[in-house]
Structures are given as structure tokens and as C-alpha cells.
Amino acid sequence: MIWCVIMAGGVGSRFWPLSQTDNPKQFLDIMGTGRTMLQTTFRRCAELCPRENIVIVTGDQYVDHVHEQIGDLQPHQVLGEPLRRGTAPCIAYAAATIAGLDPEATLIVVPSDHAIFREERFKDDLRQAVDTVQRHPWILTLGVQPVNPATTYGYIQRGKKNSLPEVKNLHPVTTFTEKPPVEMARQFIASGEFYWNAGIFVWTLPVLQEAYKKHLPTLWEAFFNSTLLTPHSALEQLYSQFDTVSIDQGIMEQASNVHVLTASFGWSDVETWESLYNVSSRDSRGNAIQGDAFTYDTRNCLIDIPDGTTAVIDGLDGYIVATANGTLMICPRHREEMIFRFASDVELKQLIDKK
């Protein structure tokens with residue numbers, strides 16, 4: 001059967017002040033759709049597999065958040081990680097849980113907080129990917145055609161020949177490159193051989209287990225060759241011994257059976273305020289506005305105002321204006337790398353004020 005694994009353990013620190021440690025990005029309606037990003041991802045997955053075959057992996061501290069946002073979940077559907085150790089342990093934890101229920105399962109692994117456009121094409125691509133891995137012992141990843149030399153994405157280089165004559169835009173993977181400098185990213189795009197790494201993976205459980213056994217034997221031993229998962233204290237002790245490792249570094253960059261399917265849908269990881277601005281609807285002055293805001297002589301701004309608050313904004317060009325959790329941030333869009341400092345300074349002051 002087909003199973004979907006949703007990775008929902010991130011803290012979304014780049015979306016401060018909206019996203020904070022106790023209520024991160026995946027539990028927010030960042031896109032202004034009326035659903036949180038997790039709810040949207042769950043709904044999307046429920047069109048690819050039975051509802052009970054969706055497993056959400058999150059941090060221990062967010063398990064209640066998941067149950068609040070997605071009702072009527074069975075115990076195996078929400079897995080809490082005691083520590084953040086990257087996507088490789090996260091996926092192994094979910095796969096080990098599924099292995100006890102369906103040893104021959106096909107797994108679709110998706111992040112909880114990415115934006116997908118043209119969802120019918122998304123479903124078509126994933127069905128094609130599932131069909132491919134069920135017929136061939138491959139690891140499949142989805143690549144997105146880049147539209148600019150982004151330096152915050154990973155890049156996948158495809159081989160020159162199709163993997164299967166009957167499947168369009170399916171190629172063996174040659175290399176993975178994580179967050180290249182802008183000049184290198186420009187060269188990648190000019191070559192026509194590189195795609196953005198969407199962080200979506202498809203494989204059968206036997207192929208996944210073999211990959212872990214070969215490339216991440218410590219995780220294979222912990223999750224697939226032991227009586228793990230109970231009690232939770234044993235899981236916490238195991239996680240404390242793991243190195244932090246991503247699935248890309250641990251398996252994708254090492255394995256020889258990885259293939260990339262070019263996605264036909266639109267995609268953004270919506271990792272930053274700037275990426276949200278780029279995928280948002282904008283008015284005639286280039287403003288992307290969520291909430292109740294009156295703007296005067298204001299253009300090219302991203303404005304996020306919570307319910308119950310009205311903002312009046314005059315004379316800004318190219319700014320982020322966001323207020324949440326008692327904090328107002330006004331920051332030039334090109335300076336959003338300062339957000340980590342803003343958050344640190346505000347949190348430090350709040351700690352001092354409490355003393």
C-alpha cells in the first residue's frame with residue numbers, strides 16, 4: 001500500500017515574529033488560505049493514500065499541536081521525536097513504524113510546510129513516481145525547474161539519458177549540491193541539467209531499509225534491527241547518541257540508485273519572507289497584504305496583520321511589516337537576514353524583563 005510521511009518538526013525561525021518556538025510555521029496559515037500549512041499538506045496527502053496511512057513526525061513538544069489541527073488520528077499516525085537530529089532519523093522513525101504494519105509499503109515523504117501549485121499535476125507526478133519505484137528498485141526524488149539562481153535551495157544534477165524511455169523527464173541523478181553561491185547557481189541553470197531539490201522522496205520500504213543498512217548503518221541498527229520505539233525513554237536515549245544528518249547527505253548523495261523526476265507542478269519551500277512575497281498575490285503597487293491594512297504611497301511590501309488589528313502604513317517601499325505575539329517588525333525586504341538577530345535581541349529582553 002501507499003503511505004505518506006509528513007515531516008513536521010521544524011521551528012520556522014525565518015518567519016519570526018509569526019513563527020516562534022512554541023508555535024512554528026507548519027502550524028500557521030502562512031499562505032492566507034484558511035488552513036495551516038500542516039492541514040494543507042495532510043489534505044493533499046489524503047488524496048494520494050488512505051487517511052490512516054499518513055504518518056506525521058514532529059517534535060515531542062508539538063504532538064498536541066498536531067492532534068489539535070488534524071483530528072481523529074490513530075496512535076501510529078503521530079510520532080514525536082525527543083530531539084531534532086535531521087531528516088534521516090525522522091524518516092527512519094516513520095519507516096520503522098510503518099514496517100510493523102505494512103512491510104512492503106511504498107513511502108512518499110514530504111515536508112509539512114511547502115507550497116504546491118497546480119495540485120492535480122502534483123498528484124499525477126506522485127502517482128507516476130509511485131508506479132516507477134514499485135517496478136524498479138530505485139530511490140526517486142522530485143526536482144523543480146529553477147526559475148532563478150536561488151542560493152537557499154539544494155540543486156540536483158540529472159544525467160543526460162532518460163532512466164526509462166516510456167517515462168518523460170526521469171533521469172539518474174549525477175550530483176547533489178546544497179545551497180551554492182549565486183554564480184554557481186547561474187551556471188547550473190545555464191547548463192539545463194540542474195533542478196531545485198523539493199525535498200520530496202518516493203521509495204519502497206525494502207529499498208529504503210537497504211539504503212539505511214548500506215549508508216547509515218547506525219540508524220539501520222537502531223530503527224530496523226532492534227525492538228525500538230517503546231518505551232519512549234529508550235527512544236530519547238537513542239536520539240541523544242545520533243549525529244544530526246539529513247537524508248540528502250546520509251543517503252541521497254551516497255546511493256547509486258537515485259533518480260529524479262522533473263516536477264510539472266509549481267513549488268516553493270516558503271522558507272523566508274521573501275519567498276512568501278514571491279508566491280503571494282500582489283496589488284497594483286506590488287504589495288502582498290494579509291489582514292486589514294490601509295496603505296498610502298506604499299509599494300513592494302509584504303504586510304501581515306493579525307485579525308483584530310488594523311494597520312495604517314504610509315511611505316514604505318520594499319518592506320516587511322509583520323506583527324504577532326505582541327511584537328511588531330518593520331524591516332527592509334533585502335535585510336531579512338537580520339531576523340535572527342532581531343529575534344535573539346527581543347527574546348533576551350523578554351527574559352531580562354521577567355527577572
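Residues numbered from 1 in each chain as written. Predicted model: local features only at pLDDT ≥ 70, side-chain atom pairs only at ≥ 80, totals over all residues. Heavy atoms only, no water.

Enquirer: Any chance you could explain the pairing of strand 17 (residues 327–332) here in plain terms?
Expert: Moving residue by residue along a regular strand, the side chains alternate between the two faces of the sheet. Note that strand 16 (residues 319–324) and strand 17 share six bridges and pair antiparallel. Within strand 17, the position partnered with V321 by the bridge is I330. Linking strand 16 to strand 17, which pair antiparallel, is a turn of two residues; within it N325 sits at a positive phi near 55°. (Pairing = 2+ DSSP bridges. Helix = DSSP H or I, 4+ residues; strand = E, 2+ residues; numbered from the N terminus.)

Enquirer: What's the story with the nonpolar core in this structure? I'm lost.
Expert: Note that soluble globular proteins tend to have their nonpolar side chains buried in a common cluster. If you look at the biggest cluster of nonpolar residues, it comprises 47 residues, and the most contacted ones within it are W203, Y212 and F223. Ranked by the residues each element gives to this core, the list is headed by helix 3 (residues 87–99), at ten residues. Excluding its chain neighbours within four sequence positions, the residues that come into contact with Y212 are A88, I91, A92, W203, P217, L219, W220, F224, I247 and I251. L140, Y153, Y155 and F265 belong to the second-largest nonpolar core, a separate cluster that totals 46 residues. (Core = buried A, V, L, I, M, F, W, Y, C linked by side-chain atoms within 4.5 Å. Buried < 20%, exposed > 50% of the residue type's maximum accessible area, 1.4 Å probe, protein only. Contact = heavy atoms within 4.5 Å.)

Enquirer: Before we go on, may I ask you to explain the sheet that holds strand 16 in this structure?
Expert: The strands making up a sheet associate through backbone hydrogen bonding, with each pair oriented either parallel or antiparallel. Sheet architecture is open: four strands sit in the order 12-14-16-17, paired in mixed fashion. Two strands bound the open sheet, and with one partner strand each, they are strand 12 (288–290) and strand 17. Across the sheet, the axes of successive neighbouring strands diverge by a mean angle of 5°, strand direction being ignored. Relative to strand 16, strand 14 (residues 302–304) runs parallel, the two sharing three bridges. Following the sheet pairing, L302 is matched in strand 16 by I320. (Axes fitted to C-alpha atoms, helices over the stretch in contact; angles between N-to-C directions.)

Enquirer: Explain the packing of aromatic side chains here, please?
Expert: Each aromatic ring pair is specified by the distance between its two centres and by the angle formed by the two planes. Overall, the coordinates contain 14 aromatic pairs when judged by the stated rule. Note on F223 and Y239: the rings are 6.3 Å apart at their centroids and 90° apart in plane angle, and the pair reads as edge-to-face. Residue F223 is located in helix 7 (residues 217–224), and its partner Y239 is located in helix 8 (residues 232–241); the two are separated by 16 residues in the primary sequence. Note on accessibility: F223 and Y239 belong to one class, buried. Pairwise contacts between aromatic rings join Y93, F223, Y239 and F242 into one cluster. The positively charged end of R44 is found above the aromatic ring belonging to F122, 5.7 Å away from the centroid. The residue whose ring lies beneath R282 is Y277, and the NZ or CZ to ring-centre distance is 4.5 Å. (Phe/Tyr/Trp six-rings, centres within 6.5 Å; stacked < 30°, edge-to-face > 60°. Lys NZ or Arg CZ within 6 Å of the ring centre and 35° of its normal.)

Enquirer: What exactly am I supposed to notice about the environment of A263 here?
Expert: By secondary structure assignment, the location of A263 is in the loop between strand 10 (258–262) and strand 11 (266–268). Expressed as a C-alpha distance, the spacing of A263 and S240, which sit 23 residues apart in the sequence, is 37 Å. Apart from residues no more than four positions distant in its own chain, A263 is found in contact with D125, G143 and V144.

Enquirer: Please explain the side chain of Q157 as it appears in this structure.
Expert: With respect to the helices and strands, Q157 occurs in strand 7 (residues 154–158). Looking at Q157, its side chain comes within polar contact range of the side chain of T175, at 2.8 Å. A polar contact of 2.9 Å, which involves the side chain of Q157, links it to the side chain of E193. If we skip the residues at most four places from it in the chain, Q157 touches P172, V173, T174, T175, E193 and F194. (Polar contact = N/O pair within 3.5 Å; in protein donor to acceptor, adjacent residues only side chain to side chain.)

Enquirer: Quick question: what am I supposed to make of helix 1 (residues 37–45) here?
Expert: Given 3.6 residues per turn, any residue in an α-helix points the same way as the ones three and four places further on. Most of helix 1 is tucked away: seven of the nine residues are buried. Every buried residue of helix 1 is listed here: M37, L38, T40, T41, F42, R44 and C45. Where the residues of helix 1 are buried, they touch strand 1 (2–7), strand 2 (54–59), helix 2 (63–69), strand 4 (106–111), strand 5 (115–117) and helix 4 (119–135).

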